[in-house]
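One-letter residues, chain by chain:
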Amino acid sequence: MKPKSARGPTVTKLALRLSKMLALLHKGDDIDKHCLAEQYKVSVRTIERDLADRLHGIVEHTPDGRW
C-alpha cells in the first residue's frame, strides 16, 4: 500500500500541471492561460501563479503578455 501524501492528490495535480506547462514551453509552444485554466479546471489566476511564482526563473514573461 502506498503512503498517502499529507496534501493528497492536490500536490500530484500541481506537479503534473507544471510539468506539462514546461513541456509546452520547451517545445516552443505559446502558453494561453485561459485554455490551460479550462483544461486543468483551475482559475486563470492559478495558472498565472504557476507561471509567475512557481516557475519563476524558469519561464519569462514578455511585455506583450506571453510566456
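Structure shown above.
As the structure is a prediction and not an experimental result, all values here were calculated from the model.

Asker: Please explain unusual backbone geometry as it appears in this structure.
Answerer: Glycine aside, residues mostly have negative phi angles, and peptide bonds mostly take the trans form. A positive phi is found at Lys41, a non-glycine position, where the angle reads about 55 degrees. Residue class for Lys41 comes out exposed when judged on its relative accessible area of 73%.

Asker: Hey, could you run me through the packing of helix 2 (residues 33–40) against helix 3 (residues 44–54) in this one?
Answerer: Helices that pack against each other are described as a pair by the angle of their axes relative to one another and the distance between those axes. Relative orientation of the contacting elements helix 2 and helix 3 amounts to 110 degrees, with a least axis distance of 8 Å. Considering the angle they form, helix 2 stands roughly perpendicular to helix 3. Crossing geometry of helix 2 relative to helix 3 is assigned as right-handed. For the pair helix 2 and helix 3, the contacting residues are Lys33, His34, Leu36 and Ala37 in the first and Val44, Ile47 and Glu48 in the second. Residue composition of the contact of helix 2 with helix 3, grouped by class: 4 nonpolar, 1 polar and 2 charged.

Asker: I would appreciate a short explanation of the side chain of Thr46 in the present structure.
Answerer: With respect to the helices, strands and loops of the structure, Thr46 is situated in helix 3. Residue classification places Thr46 among the buried positions, given a relative accessible area of 17%. Each residue touching Thr46, except ones within four places of it in the same chain, is listed here: Arg17 and Arg54.

Asker: When you look at the side chain of Arg17 in this model, what are you seeing that I'm missing?
Answerer: Position of Arg17 among the secondary structure elements: in helix 1 (residues 9–27). Among all residues touching Arg17, those that are not within four sequence positions of it are Tyr40, Val42, Thr46, Ile47, Asp50 and Arg54.

Asker: Is there a simple way to explain the environment of Val42 in this structure?
Answerer: Position of Val42 relative to the elements: it lies in the loop between helix 2 and helix 3. Those residues within four positions of Val42 in sequence are excluded, and the remaining contacts are Arg17, Ala37 and Ile47.

Asker: Would you take a moment to explain the pattern of salt bridges for this structure?
Answerer: Side chains bearing opposite charge may pair, as long as their charged atoms lie close to each other. Inspection of the entire model under this criterion finds 5 salt bridges. Residues Asp29 and Lys27 are paired through a salt bridge, measuring 3.6 Å at the closest nitrogen-oxygen approach. Residue classification places Lys27 among the exposed positions, given a relative accessible area of 61%. Residues Asp50 and Arg54 are paired through a salt bridge, measuring 2.5 Å at the closest nitrogen-oxygen approach. With Asp50 and Arg54 both in helix 3 and 4 residues apart, this pair spans about one turn of that helix. Shared partners join several salt bridges into a network, and the residues in it are Arg17, Asp50 and Arg54.

What counts, and at which threshold
- Residues numbered from 1 in each chain as written.
- Predicted model: local features only at pLDDT ≥ 70, side-chain atom pairs only at ≥ 80, totals over all residues.
- Heavy atoms only, no water.
- Buried < 20%, exposed > 50% of the residue type's maximum accessible area, 1.4 Å probe, protein only.
- Axes fitted to C-alpha atoms, helices over the stretch in contact; angles between N-to-C directions.
- Helix = DSSP H or I, 4+ residues; strand = E, 2+ residues; numbered from the N terminus.
- Parallel < 35°, antiparallel > 145°, perpendicular 65-115°, else oblique.
- Left-handed = near helix turned anticlockwise from the far one by under 90°.
- Contact = heavy atoms within 4.5 Å.
- Nonpolar A, V, L, I, M, F, W, Y, C, P; charged D, E, K, R; others polar.
- Salt bridge = Lys/Arg side-chain N within 4 Å of Asp/Glu carboxyl O.

Function cannot be read off these values alone, since they describe shape.
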